[in-house]
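Fold and contact review
Below, each chain spelled out in residue letters.
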Amino acid sequence: MKYKIDVVRIRENSITINGWVLGKNPESKAEFSVEDGDRKPVEFQYVSTRRDDVSQIYFKKIYNRDFGFDIRFPYERGKDYYLIIRCEGRRTRIKYNEELIEKRASVAYKRMQKIRDLMNMETVKVAVDFWKENGLKALVIKSRHKLQGLDNDYDYGEWYELTKPSEEELERQRKERFDYEPKLSIVIPVYRTPERYLQEMLESIRSQTYKNWEVCVADGSPRGESRERVLKRFADQDTRFKYVILGENKGISGNTNAAMEMAQGDFIVLADHDDTLTPDALYWCVKAMNEDPLYDVIYSDEDKLDMDGKALFDPHFKPDFNPDLLTSVNYICHLFVVNRNLAEAVGGFRQEFDGAQDYDFIFRCTEQARKIYHIPKVLYHWRCHMNSTASNPESKMYAFEAGARAIKAHFERVGIAVDSVEKGVDFGIYHTRFHLKEEPLVSVIIPNKDHKADLDLCLTSLLDKGSYKNLEVIVVENNSTEEETFRYYEEIQKARPNVQVVTWEKGFNFSAINNFGVTFAKGEYLLFLNNDTEVIEPEVIRELLGYGMREDVGVVGARLLYQDDTIQHAGVVIGFGGIAGHTFIGLHQAENSYFHRAMCAQDYSAVTAACMLSKKSLFQQVGGFREELAVAFNDIDYCLKIRALGKKVVYNPYALLYHYESKSRGLEDTPEKVERFNREVARFIGYWPEIVIGGDPYYNPNLTLRKSNFALRDLLKERIGEPYNLEVYLPYMEPEAREKVKRLYKEKTGRELEQR
């Protein structure tokens, strides 16, 4: 018999225990009992739960069996209780009392539990499988990241307690009056919901600090199993609660539409029957509506709530509206608020998309919304089991296929042709292959100074391994000194007619060198490529062009790996490291990133020019790379100039290359270089103070700027939403730029920015 207790909570006068148990035979069933300290039986409530993660680890497949359990029993303080588990003739007796439970809730105990979790058989089996699939180096890297997380990462529950609104703040919200106080209709489809969970959802709405709302519940439970007893009690106490008993299950779409038909509010708020809202959820929505009356769609961050309703975990801190991320995964999910007129115009939920009905509905709403607003706060708690994270392909296949159809329907409505929508890194993550009506000439610009072997590997992989053939390559010779380099230039131009070497005769300036190379380009599309890259994915050019040929896209970047298969580039966030930096640096490509973001195509503020596709017409329109930025941030500046035209910058993880840049390469190793770097950073801040100070819209202000792994912001060192290190660069700025930066900083933070 194997078992694990995941969560133990004292709530009021009861104890709730969540965990799992199994025997050698997957069909074996466990039996439970509870005793007090005198070995007298104690009545308890038992609910079985699916644990596909446990089934997958121990039996290598998913069994249609409930290996998990939730047990609750009455508790009297000061007394001992025992949970007895029996399975396949074996028996274990686990003691519980208040002292033991408090000890297990301590920070030290949690840390030790994390260490034990890393050393148990379940983890060992996962590690062995990871080793077999990805190799020893990958396992070492992943293990190091796990160990670093023991001390460096916040426990989210503690973080949430430190950041949630105080009772004083909630009371202030209750007293606040807005100029515009719309009625919000919270729409809830119900189907055989556990009464306790439904009651907690309804209580969370009744506790809202904003009061102009109504609840519209459609109960599609089978006859005789409706939740009318709970619904009637709330409706009798408060006329804002309305419900209808359908008498039959019309499916998730039909039940939701029935609830929406009852709505009389100005906005529709979607909520599931067993989740909860934070008490300030509706307040922040209405506050946003007052700030801009054009907001037709509003969504928030969310987290997960364990089955006993006590522990919060797995927070999803989202970016501002990111349409290409939305076509990779339904990242919006909860809380979702939509103008009622818009909801009616797009036609409500469609039954043919059941399994991904909300995904389809969100697409149709966001396509037609005048403006979309993201509230960077957790306003929704999504109830699920804390450890049920493994995929169950069989049970999720129908939902995955419905999601793929929703994506295809979206692209069809907006006039973008696609060849296929396929499974990405996991079910629910999608990889879209766009249809290329033609194969335009792509001009590849590669600066080079010596490094003949690197250049040859780059060209060979691009031209021979790569599947796209309508290429011209422009190698920009930049002050090489080795004789073999020039011999190679002669050989490669004779061997490959589509390779041309041009000579830059001035000193090093990355921006100027690339601008010079573009003057020789005949292609409609430009691919800026470092000479120390190697193509991994043969379809890399087609992957880049799939996004790059869209009218709404101006730049496309690739996923770049170091030689050891760890991430070198997966998009750029303005603010990382104080100014800007790459996401997920050092994460092994086989490791899961934050909500799989490294493996999702999405919009970012910038990507690196180590591999970057852009339209030549746009490059010329914005004046190319800014030559005042000779070394640092010129590619990021270029992306921001493209975004200023209203075009998107897209990161595509399926365009995959190695980038052999040294991990330990120092950017600046002399006083002169440090001085030059600081001046270029100061120029960059002067060009783009709004995003540097205001924050990157594709990154969440609750996440840290000190690491690239999307960890929680350090509350002791980083104020939420505030950049840092700006004072270092003030002395290098022109007076006008310096004053603008200081003004914007004060407007955002309320504090003066003093130079060091």
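The structure this text deals with has already been given above.
Below is a summary of the structure that appears in this document. (Residues numbered from 1 in each chain as written. Predicted model: local features only at pLDDT ≥ 70, side-chain atom pairs only at ≥ 80, totals over all residues. Heavy atoms only, no water.)

Our next topic: the overall build of the chain. The helix and strand inventory of the chain stands at 25 helices and 30 strands. With 756 residues in all, the chain has 55% of them scored as buried. When contacts within the chain are restricted to residue pairs at least 6 apart in sequence, long-range pairs at least 24 apart make up 75% of them. For the chain, the exposed surface amounts to about 33,600 Å²; the carbon and sulfur share of it is 48%. (Helix = DSSP H or I, 4+ residues; strand = E, 2+ residues; numbered from the N terminus. Buried < 20%, exposed > 50% of the residue type's maximum accessible area, 1.4 Å probe, protein only. Contact = heavy atoms within 4.5 Å. Areas by Shrake-Rupley, 256 points an atom, 1.4 Å probe, with all protein chains shown as cover.)

To continue, consider the pattern of salt bridges. A complete count under the given rule lists 39 salt bridges for this structure. The partner of Glu200 in a salt bridge is Arg196, with the nearest N and O atoms 3.2 Å apart. Here Glu200 pairs with Arg196, and both are found in helix α8 (residues 195–206), just 4 residues apart, close to one helical turn. Judged by its relative accessible area of 17%, Glu200 falls in the buried class. (Salt bridge = Lys/Arg side-chain N within 4 Å of Asp/Glu carboxyl O.)

Next up on the list: helix α14 (residues 357–368). Here α14 spans 17 Å end to end across 12 residues, near enough to the 16 Å set by a 1.5 Å rise per residue. The buried fraction of α14 amounts to 9 of the 12 residues, a majority that puts the element mostly inside the structure. Among all positions in α14, only Gln357, Tyr359, Asp360, Phe361, Ile362, Phe363, Arg364, Cys365 and Thr366 are buried. (Expected span 1.5 Å × (residues − 1).)

A sheet is described by the order of its strands in space; here 3 strands give the open sequence β3-β6-β7, paired in antiparallel fashion. Only two strands of the sheet have a single partner each, and these edge strands are β3 (31–36) and β7 (90–96). On average, each strand axis in the sheet is tilted by 20° relative to the strand beside it, whichever way the strands run. (Pairing = 2+ DSSP bridges. Axes fitted to C-alpha atoms, helices over the stretch in contact; angles between N-to-C directions.)

In this section: unusual backbone geometry. Note the cis peptide between His334 and Leu335, where omega equals -15°. With respect to the helices, strands and loops of the structure, Leu335 is situated in the loop between α12 (323–326) and β15 (336–339). One non-glycine residue, Phe595, lies in positive phi territory at about 50°. With respect to the secondary-structure elements, Phe595 resides in the loop between β27 (580–582) and β28 (602–603).

Counted by the stated rule, this structure contains 1 cavity of 30 Å³ or more. A volume near 40 Å³ is recorded for the largest cavity. Forming the walls of the largest cavity are Leu202, Val215, Val217, Leu231, Phe234, Ala235, Phe241, Lys242 and Tyr243. For the lining of the largest cavity, the elements supplying multiple residues, two or more each, are β9 (213–219), α9 (228–237) and β10 (241–245). Its residues assigned to classes, the lining of the largest cavity shows 8 nonpolar, no polar and 1 charged. (1 Å grid on protein atoms, 1.4 Å probe; cavity = no way out; pocket = protein on both sides within 12 Å on 5 of 7 lines; lining within 4 Å. Points joined across faces, edges and corners; volume = space filled by probe spheres on them. Nonpolar A, V, L, I, M, F, W, Y, C, P; charged D, E, K, R; others polar.)

Now for the packing of aromatic side chains. Going through the model one piece at a time under the given rule, you end up with 41 aromatic pairs. Centroid distance Tyr594 to Phe710: 5.7 Å. Interplanar angle 35°. Geometry classified as tilted. With Tyr594 in the loop between β27 and β28 and Phe710 in the loop between α23 (689–694) and α24 (726–729), this pair connects stretches of sequence that are 116 residues apart. Assessed through its relative accessible area of 15%, Tyr594 is described here as buried. (Phe/Tyr/Trp six-rings, centres within 6.5 Å; stacked < 30°, edge-to-face > 60°.)

To continue, consider the nonpolar core. The biggest cluster of nonpolar side chains holds 84 residues, and the ones touching the most others in it are Phe361 and Val442. Considering each element in turn, this core owes the most residues, 7 residues, to helix α15 (residues 393–414). In terms of nonpolar packing, the next biggest core, distinct from the first, is built from 77 residues, Leu312, Val378, Val518 and Ile579 among them. (Core = buried A, V, L, I, M, F, W, Y, C linked by side-chain atoms within 4.5 Å.)

Read these as layout, nothing more, since geometry by itself doesn't imply function.
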